[in-house]
Structures are given as structure tokens and as C-alpha cells.
Amino acid sequence: MYLTTAQSSLLVASIYLGFCLLELARTRLFAKGEQTRNDGIIEIVSTFTLLIATQPLILFAVGTLGHRFFPDYEGALAGIPFIAALALFLVFEDMMQYWWHRASHSFAWLYNLHRAHHNARYMSVRLVYRNNIIYYAMMPSIWFAGVLVYLGLGWFYAGYLVVKMLVIIGAHSDVAWDAPLYRIKALSPIMWVVERTISTPATHHAHHGRHADDPAVNYKGNFGNLLFFWDVLFGTAKITRHYPQSYGVENLPPATLGQQLLWPIFPENRDMDAHIAGAAPAAPKAVPLT
């Protein structure tokens, strides 16, 4: 028995809500250290745009183009085995997202589309869908997922998305589920495998660390989303089992609200000393991880 689209959406929403409640109770979901007025606006706009417009429109566009130019291929892979469907999604969805993410930290114009995700000075489930709107519209993995769904793998995608979002939401949360497990000596061999297989708070938080001289930071690595294995395989992994002292970006001018949501429609700020309304931290002290 496989999940329907509605069941998948409900489960993802439940996972997200569960982590929200954890943060609300333990680390102040709506009052993160060093948050700014613009942070909440960016997170609300980018999240709802992706879920309500971008993702559904991409699936619709792929289906429309498929019906127009490749009608004979609709549902062509519907009967393939589970393991084959898993391999296709891991390569064409998750690995493609790894390379897109890595490219976003390698090319300046792509980083301008991705910077909003790193501009927050905190970790939280609030960051999961925080990105430039155009960044998501161009993301190859969403388009590849749409192609796989058109080819008949919607039955697999629904369950796959639940697992992937469970990992990603957990990796962004500042309620670090892996921290207490590292302290249990008997679990050390298991955690050695886990942290090299999927993204964990420790490995993903390292990617969001603010200062390059922080030993727990790997801003130019740890790009994996569902699988951290891609970082291990392609040489971008750093595993310390520690968490950065602070989060965000350093040595860059403050970003405007428009820049974070819709660059290049809104220009990039290049003035290090610019005063940008809504971009100043509300509190200087970060909330510690639990």
C-alpha cells in the first residue's frame, strides 16, 4: 500500500508541526537569537510561494509538456520495482539537489539566489523553505521529480517526500536530535553510519556556520539534503559532532528584503555600511542548542 498525495502532504505537515512545537517549547520558535524583522517576512513569503505556486506549477508544466510532446511516455515506469524507483529518485532528485546546492556556493550569481537561506543568524525549521523565489523555480531536482512523476512514479514520490522532509526538517531544527545520541557510547557505531548516510543537525548546521575559523563550520561543504552520503562520496564532508558558535554569513554587505526574495529583479546591495530597514538583529545573543 502506497501513500496518496493528500496523505503525504498531511504527514509532511505533521512532521513540520511537530518540530515547530518542539522549538516553541524549548528554543523560542518565534524569538530566535539575532533574528531581524525581515526574517519572518522572507520565511513566510518563500515558504508559501514554493508550496502553493512554484512546486505545483512545475508539476503542471512538466505534465503539460509531456502530454504535448511525449504522450507515449506517460506512466511508462509505473510498474518498475521499488528499488529501481528509489535509485532513480536518489540520483535524479536528491543527488541533483546536492550538485545544485554545491553550485550555489561556487558561482556568485547562483549564490545571490541562495543567500537568503544562509542570511538567517539562527537555525530553525523556519529555514527549511527559506530561499529566493527564483532559486526554487530553477531548481533542477524539482523539475526532475516532475518528470519522474509524469513517467508514473507518483506512487513512490509521495512516500519518498515524507522521508526526505523528515530528514531535512530535523537537520535544520535547533532542537538537535542527534546531540544526546552521540553521548551514548553503545550507539557510537550506529551513529557513525547514520551521520555518513543522512543529513543530521551536526553535519547540516556546520554548513550554516557563520565564521570560517570555527572548527565546527564547513560553509563550502556538507551540501547534502536527504543523503549526506553525497558529501562523503564527492569529498565535501566534514564531520565533527559539534555545532557552530553562530550562524549566518560573514564579510558580505547586508542583504535587502527584495534582494533575498527576488534578486536579480531587486539589485544586490554592495555597500558594507548600508543601513537597511528590517535587517538589524533584534537581539545580539544567540539561543544555545539543546
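No experiment lies behind these values; they were computed from the predicted model shown. One numbering rule holds for all chains: residues counted from 1, following each sequence as written. Totals for whole chains, interfaces and linings use every residue, but because this is a predicted model, local features are given only for residues with pLDDT of at least 70 and side-chain atom pairs only at 80 or more, for both listing and counting. Water and hydrogen atoms were dropped before computing side-chain values, which therefore reflect all heavy atoms in the structure.

Participant: Which parts of the structure should I look at to understand the packing of aromatic side chains?
Facilitator: Aromatic ring pairs: the centre-centre distance and the angle between the two ring planes describe each pair. A pair of aromatic rings is counted whenever rings of Phe, Tyr or Trp (Trp by its six-membered ring) have centres within 6.5 Å, and the orientation is called stacked for planes under 30 degrees apart, edge-to-face for over 60 and tilted otherwise. A complete count under the given rule lists 18 aromatic pairs for this structure. Summarising the aromatic geometry, the rings of Phe 82 and Phe 156 are spaced 5.1 Å apart at their centres and angled 65° between planes, so their arrangement reads as edge-to-face. Here Phe 82 is found in helix α3 (residues 82-104), whereas its partner Phe 156 is found in helix α6 (residues 140-172), with 74 residues between them in sequence. Note on classification: 1.4 Å probe, protein chains only; a residue is buried when its accessible area is under 20% of the maximum for its type, exposed when over 50%, partly exposed between these limits. With a relative accessible area of 45%, Phe 82 lands in the partly exposed category. Note on Phe 156: relative accessible area 5%, which makes it buried. Three or more aromatic residues joined by ring pairs make a cluster, and in this case those are Tyr 2, Phe 82, Phe 89, Trp 155, Phe 156, Tyr 157 and Tyr 160. A helix here means a DSSP run of H or I that spans at least four residues, while a strand means a run of E at least two residues long, and both kinds are numbered starting from the N terminus.

Participant: Can you walk me through the side chain of Asp 39 in this structure?
Facilitator: Counting through the fold element by element, Asp 39 comes out in helix α2 (residues 37-69). Those residues in contact with Asp 39 that sit more than four places away from it in its chain are Glu 34, Ala 120, Tyr 122, Arg 126 and Arg 130. Residues are treated as being in contact if the distance between any of their heavy atoms lies within 4.5 Å.

Participant: Looking at this structure, how should I read helix α9 (residues 201-208)?
Facilitator: Owing to its 3.6 residues per turn, the α-helix aligns residues three or four sequence positions apart on the same side. Extensive coverage of α9 is indicated by the burial of 8 of its 8 residues. Among the residues making up α9, those that are buried are Pro 201, Ala 202, Thr 203, His 204, His 205, Ala 206, His 207 and His 208. Contacts from the buried residues of α9 go to α3, α4 (108-119), α6 and α7 (179-182).

Participant: Any chance you could explain the pattern of salt bridges here in plain terms?
Facilitator: Here, a salt bridge means any Lys or Arg side-chain nitrogen found within 4 Å of an Asp or Glu carboxyl oxygen. For the coordinates displayed, the defined rule picks out 11 salt bridges. Here Arg 130 makes a salt bridge to Asp 39, at a shortest N to O gap of 3.0 Å. Here Arg 130, found in the loop between α4 and α5 (133-138), pairs with Asp 39, found in helix α2; they are 91 residues apart in sequence, far enough to count as distant. Each member of the pair Arg 130 and Asp 39 is classed as buried. A salt bridge links Arg 241 to Glu 195; the nearest nitrogen and oxygen atoms lie 3.0 Å apart. Taken as a pair, Arg 241 in the loop between α10 (229-234) and α11 (257-262) and Glu 195 in the loop between α8 (188-194) and α9 lie far apart in primary sequence, 46 residues in all. Judged by relative accessible area, Arg 241 falls into the partly exposed class, the value being 24%.

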